[in-house]
Amino acid sequence: QYVAGIALRPFINNLYWCYNGFDQGGHYSNSVSKGMFKRGMAGAFILTCSSYLVPVLIATGASNLSQSEWTAGAFATAATEIGGKWLGNWIVVGAGFSMVALFFGEMSADSLQLMGMAELGQVPSIFATRSRYNTPTYAILLGTAGN
């Protein structure tokens, strides 16, 4: 199904994928004040929207890629076309750092969730053990081993 030339199913799937990290904010909400949490979530929303919207607008407006060519690696292809090989390479390096950051963010949220379950008695209490930095040590180790 197309609306204004946009395939709806992949479009909605991509929107969900790009914004699915906001549910993890609840895992961190107990660590900061309510006002700070609201400002942080609003700032994260603005940064996330702009970090997707600005590159898409630039890449679609300044490159000759058609919609069928927007597959894995399309941003690097568009960046190489727009700014040269150096820009395409930086897009790839930035994507790599982004994947590592997403992994650590997901692992951190999962370990806090496991720690909370341990504190409620739903999983063994060893997962509620915290380090001297107040991080859930064994929950992080389990999350690392599981990935």
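The structure this text deals with has already been given above.
Residues numbered from 1 in each chain as written. Predicted model: local features only at pLDDT ≥ 70, side-chain atom pairs only at ≥ 80, totals over all residues. Heavy atoms only, no water.

Student: Mind showing me how you'd approach the overall build of the chain here?
Tutor: Along the chain, the regular secondary structure elements total six helices and two strands. At 20 Å, the chain has a C-alpha radius of gyration far larger than the 15 Å of a compact globule built from 147 residues. Along the longest, intermediate and shortest principal axes, the C-alpha atoms of the chain span 55 × 30 × 30 Å. For the chain, with 147 residues in total, the buried portion stands at 14%. Residue pairs at least 24 apart in sequence account for 35% of intrachain contacts in the chain once pairs closer than 6 positions are excluded. When the accessible surface of the chain is totalled, it reaches about 10,700 Å², and 66% of it is carbon and sulfur. Counting 7 positive and 6 negative side-chain charges, the chain places the centres of these two groups 12 Å from one another. (Helix = DSSP H or I, 4+ residues; strand = E, 2+ residues; numbered from the N terminus. Rg over C-alpha atoms; globule rule 2.2 N^0.38 Å. Buried < 20%, exposed > 50% of the residue type's maximum accessible area, 1.4 Å probe, protein only. Contact = heavy atoms within 4.5 Å. Areas by Shrake-Rupley, 256 points an atom, 1.4 Å probe, with all protein chains shown as cover. Lys, Arg positive; Asp, Glu negative; His and termini not counted. Charge placed at Lys NZ, Arg CZ, Asp CG, Glu CD.)

Student: It is not clear to me how the packing of helix H5 (residues 85-119) against helix H6 (residues 137-146) should be interpreted in this structure. Could you clarify?
Tutor: A pair of packed helices can be characterised by two numbers: the angle between their axes and the separation between those axes. With their axes 8 Å apart at the nearest point, H5 and H6 run at an angle of 130° to one another. With respect to each other, H5 and H6 are oriented oblique. Handedness of the H5/H6 crossing: right-handed. Along the contact surface, H5 presents Met107, Ser111, Leu114 and Met115, while H6 presents Ala139, Ile140, Leu142, Gly143 and Thr144. In the contact of H5 with H6, the residues fall into six nonpolar, three polar and no charged. (Axes fitted to C-alpha atoms, helices over the stretch in contact; angles between N-to-C directions. Parallel < 35°, antiparallel > 145°, perpendicular 65-115°, else oblique. Left-handed = near helix turned anticlockwise from the far one by under 90°. Nonpolar A, V, L, I, M, F, W, Y, C, P; charged D, E, K, R; others polar.)

Student: Mind showing me how you'd approach the packing of helix H3 (residues 34-62) against helix H4 (residues 74-83) here?
Tutor: Running from amino to carboxyl end, H3 crosses H4 at an angle of 60°, the nearest separation of the two axes being 10 Å. In terms of orientation, H3 lies oblique with respect to H4. The handedness of the crossing between H3 and H4 comes out as left-handed. Listed contacts from H4 to Pro55, Val56, Ile58, Ala59 and Ala62 of H3 are Phe75, Ala78, Glu81 and Ile82. Residue composition of the contact of H3 with H4, by class: eight nonpolar, no polar and one charged.

Student: Would you explain the pattern of salt bridges in this entry?
Tutor: One pass over the full model with this rule turns up one salt bridge. Here Glu119 and Arg130 are joined by a salt bridge, their closest N and O atoms 2.9 Å apart. Of this pair, Glu119 sits in helix H5 while Arg130 sits in the loop between H5 and H6, and the two are eleven residues apart along the sequence. (Salt bridge = Lys/Arg side-chain N within 4 Å of Asp/Glu carboxyl O.)

Student: So what exactly am I meant to see when it comes to H4 here?
Tutor: Each α-helix turn comprises 3.6 residues. Residues three or four places apart therefore point the same way. Ala74, Ala76, Ala78 and Ala79 are the residues of H4 that are buried. Looking at the buried residues of H4, the elements they touch are H3 and H5. At the C-terminal side of H4, Gly84 shows a positive phi close to 105°.

Student: Can you help me understand a nonpolar patch on the surface in this one?
Tutor: Residues Ile6, Phe11, Ile12 and Leu15 make up a contiguous nonpolar surface patch of roughly 340 Å² in combined accessible area. By secondary structure assignment, the location of Ile6 is in strand S2 (residues 6-7). (Patch = residues over 30% accessible without salt bridge, like charges linked within 9 Å, V, L, I, M, F, W, Y side chains within 5 Å.)

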